[in-house]
Amino acid sequence: MKYSLILPAILIIFASASVFAADAFFYERNSLPTQIKPASITCSDLNNDGHQDIIVGNYSSTSVTVLLGSGDGNFYDITHYPAGGKVWSLCAADMNGDGFSDIISANLQPFNFSILFNQGDGVFGEPSIYETEQGNLVVKGEYLDNDGDIDLVITTLRGRGQIFMNNGDSTFTQTGDLGVGLRAYGLDLSDYDNDNDIDIGVVNYVSMNIPGRFIHYLNKGDGSYYYPVLEYRCDPGSKSACSGDFNSDGNIDIAVANDESDNIFIIPGNGDGTFGEYASYFSGYSPRSIVSGDVDNDGDDDLIVANFMKNHNGRITVLYNDEGDFSENISFYAMGSTQAVCAADFNEDDKIDIAATISYSNSVSIYLNQSFMCGDANDDKKVNIGDPVYLISYIFRGGPEPFNWEAGNVNCDDETNIGDAIFLINHVFKNGTWPCAGCN
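Reading the values: rules and limits
- Residues numbered from 1 in each chain as written.
- Predicted model: local features only at pLDDT ≥ 70, side-chain atom pairs only at ≥ 80, totals over all residues.
- Heavy atoms only, no water.
- Helix = DSSP H or I, 4+ residues; strand = E, 2+ residues; numbered from the N terminus.
- Rg over C-alpha atoms; globule rule 2.2 N^0.38 Å.
- Buried < 20%, exposed > 50% of the residue type's maximum accessible area, 1.4 Å probe, protein only.
- Contact = heavy atoms within 4.5 Å.
- Areas by Shrake-Rupley, 256 points an atom, 1.4 Å probe, with all protein chains shown as cover.
- Lys, Arg positive; Asp, Glu negative; His and termini not counted.
- Charge placed at Lys NZ, Arg CZ, Asp CG, Glu CD.
- Patch = residues over 30% accessible without salt bridge, like charges linked within 9 Å, V, L, I, M, F, W, Y side chains within 5 Å.
- Salt bridge = Lys/Arg side-chain N within 4 Å of Asp/Glu carboxyl O.
- Pairing = 2+ DSSP bridges.
- Axes fitted to C-alpha atoms, helices over the stretch in contact; angles between N-to-C directions.
- Disulfide = S-S within 2.5 Å.

Asks: Please set out the overall build of the protein chain residue by residue, giving values where relevant.
Replies: Each helix and strand counted, the protein chain has three helices and 30 strands in total. Scaling as 2.2 N^0.38, a compact globule of 440 residues should have a C-alpha radius of gyration of about 22 Å, and the protein chain matches this with 22 Å. The C-alpha extent of the protein chain, read off along each of the three principal axes, is 75 × 50 × 35 Å. For the protein chain, the residues scored as buried account for 58% of the 440 residues in total. Long-range pairs, those at least 24 residues apart, make up 46% of the contacts in the protein chain with a sequence separation of at least 6. A total accessible area of about 16900 Å² is found for the protein chain, and carbon and sulfur atoms account for 49% of it. Here the protein chain carries 20 positive and 63 negative side-chain charges, and the mean point of each set is 13 Å from the other.

What follows is the structure, encoded as structure tokens:
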């Protein structure tokens, strides 16, 4: 089923957990339909047109949704494909070496994973099904044995870490079965010991109110792995992980989202396959998913978290990296419970944007990154009564101009005039339309 649409923008104003001069603000550009219970998301250029596309895994409808991007923050084509099972996670990678990204789905029920092979234009056929012995949680692809084919690592609900080596002909051989522990919801593939091959990191959600853990397996150089000597304690509810050189020392570090503890852990890598003492940072309530990206274009990776907040509107929290410290953050509301996030430049303005699955409304929301807040005419990082007063002074008394023309053009008529001041007054006092709603 396909949709051709360009949807209007809906502004989401951030609510800062700690007030500081953020260099990025986000507004919801689009809210687009998925199918039932979207649980996972990833970003990739599926049709090689240079624009970022989005892939969503729909758990209850056993499908994936492909949203093809047009490069301006809009998505001109939405197609749903069967996935062969209840999709818990997915990734995109070129599994058959044809130069196009395919879609790999880890299915919790029935026990299988599936690959939707790209037909070369961002269109996919029926899924190829590969049976497994347990329900699958997380899948990621990387060059594990350095033979030029992307291999797969899949964790399971009951504690297995399955390694599937790519034979180069759309078939796979299971060569490893790591005992990763129960409920391995977090998976990371990176080089932890700086020997130029890919190691495996796993985060376990152990049980409610019991600390989770991070364990890792070092690659022997041929895609087989040493069993871990050390494990690293996390807080209760460890649900997701990502990696990056967060403190700029040349070594890979780990970030873990602890769902029940409302925080993230940063576990610094030593570069030799061991890790140092963790640091904990507040990440908003119920952090369910975490990814990295340079949100403020300062040269280091920040962190983006989906805050689930069951039965309430979720939030998205951006934690800014300041030389490895993530104390400063901004947080903004999403229109529903956010299950998963991905980060990419959807409108090609050289800034990282965010896409998030909204579980109970069966949708994906696109949040564009901008250097100003629409409606914040006086640049105090808030939208309040001071902004229409500022505009009225500018219009009628020759006062200072809005610090950013687009911040004052709240009714989208390409002018800053009394209509914008009235619009803001209606928004502030009568809970009227969000500033910039409907702007392209």
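Anyway, onward from the coordinates.
Asks: Run through a nonpolar patch on the surface, naming residues and quoting values.
Replies: A contiguous nonpolar patch, built from Ile385, Val389, Ile392, Phe396, Ile418, Ile422, Ile425, Val428 and Phe429 and spanning about 790 Å² of accessible area, is present on the exposed surface. Per element, the largest residue contribution to the nonpolar patch is five residues, and it comes from helix α3 (residues 418-430). If you trace the backbone, Val428 turns up in helix α3. According to the relative accessible area criterion, Val428 is partly exposed, its value standing at 31%.

Asks: Can you explain the sheet that holds strand β9 (residues 102-107)? Please cite residues and give values.
Replies: One open sheet accounts for four strands, arranged β8-β9-β10-β11; its pairing is antiparallel. Only two strands of the sheet have a single partner each, and these edge strands are β8 (87-93) and β11 (128-131). On average, adjacent strands in this sheet sit at an angle of 20° to one another, irrespective of strand direction.

Asks: Go over the state of the cysteines with me, naming the residues and quoting the values.
Replies: All told, the structure shown has one disulfide when counted by the stated rule. Put simply, Cys43 and Cys342 are joined by a disulfide, and their sulfur atoms are 2.1 Å apart. Handedness of the Cys43-Cys342 disulfide follows from its S-S torsion of about 70°: it is right-handed. Note that Cys43 is positioned in strand β4 (residues 38-44) and Cys342 in strand β28 (residues 338-344), a separation of 299 residues in sequence. Each member of the pair Cys43 and Cys342 is classed as buried. The closest cysteine sulfur to the non-disulfide-bonded Cys242 is located on Cys234, 12 Å from its own sulfur.

Asks: Explain the sheet that holds β28 to me, and be specific about the residues and the numbers.
Replies: Backbone-to-backbone hydrogen bonds join strands into a sheet, with any given pair of strands oriented parallel or antiparallel. Reading across from one edge, β3-β30-β29-β28 is the order of the four strands in this open sheet, with antiparallel pairing throughout. The sheet is open, and its two edges are formed by β3 (25-33) and β28, each paired on a single side. Between one strand and the next, the sheet's axes are offset by a mean angle of 25°, whatever the strand orientation. Where β28 meets strand β29 (residues 353-358), five bridges bridge the pair, whose relative direction is antiparallel. Of the residues in β29, the one forming a bridge with Thr338 is Ile358.

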